[in-house]
Amino acid sequence: ASCGRAQVLACAGCGRPNGVRSGRGGSAAALRRRTLACQVAARYSRLVPSRPRSHAPKPTADSLALRERMLDVASELFASKSFAGTTTEEIATAVGELRGTVYYHFETKEAILEGIQGRLTTELNDRLTEARSEGGSPAERVERMLDAFIDLAFTRPSDFATSLEDLKYLSGPARKRAEGRADAI
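Now for a quick tour of the structure.

Calculation rules
Residues numbered from 1 in each chain as written. Predicted model: local features only at pLDDT ≥ 70, side-chain atom pairs only at ≥ 80, totals over all residues. Heavy atoms only, no water. Helix = DSSP H or I, 4+ residues; strand = E, 2+ residues; numbered from the N terminus. Buried < 20%, exposed > 50% of the residue type's maximum accessible area, 1.4 Å probe, protein only. Contact = heavy atoms within 4.5 Å. Expected span 1.5 Å × (residues − 1).

**Quick word on unusual backbone geometry**
Non-glycine residue serine 82 carries a positive phi angle of around 85°. Looking at the secondary structure, you find serine 82 in the loop between helix H2 (61–81) and helix H3 (88–95).

Now the structure itself:
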């Protein structure tokens, strides 16, 4: 004897409530459809586990090249118009991509600026380390280090201009990271 209220039936596959109600409107066919859907979903989730963004697949060579192109274009725009005067839409248009693509590679415009500054300090650090490690007298090593610095300044003039002029636009944590990279050199 039933009290007349509908009950939510459980999935035969996993035992979780599946939204199909017994009584009015509930049918065995609907229960079978929901159960089958649950079983397919469970099988699929075992084959293809969901991945949080932090565990995204490694970027491809094309993706890294696009990211570098975005940094190059953003650096040119920041050097000519300033960080504040440049929008992510302008960066995307100059690269020939949609704005969402820029945000896929960089969470914020500030992250783009940090990427430019990080790329410059990493390359400068590599060049200075190489110049230091070649041996010779201290004067020769200093001369090679200055040559490496000047060569990089002429190779990436917009990166230098952006890093020196627009560093003030970085917020607290990003600014501390940028200053830490610069101090490490």
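**Observations regarding the environment of arginine 141**
Along the chain, the position of arginine 141 falls in helix H6 (residues 138–155). For arginine 141, a relative accessible area of 30% translates into the label partly exposed. Along the chain, arginine 141 and glutamate 130 lie 11 residues apart, while their C-alpha atoms are 9.8 Å from each other. If we skip the residues at most four places from it in the chain, arginine 141 touches Ala131, Arg132, Gly135 and Gly136.

**Examining helix H5 (residues 109–133)**
One full turn of an α-helix is made of 3.6 residues, so residues set three or four places apart face in the same direction. Along its 25 residues, H5 runs 36 Å from first to last C-alpha, staying within 8% of the 36 Å computed at 1.5 Å per residue. Phi for glycine 135, located one or two positions after H5, is positive at around 80°.

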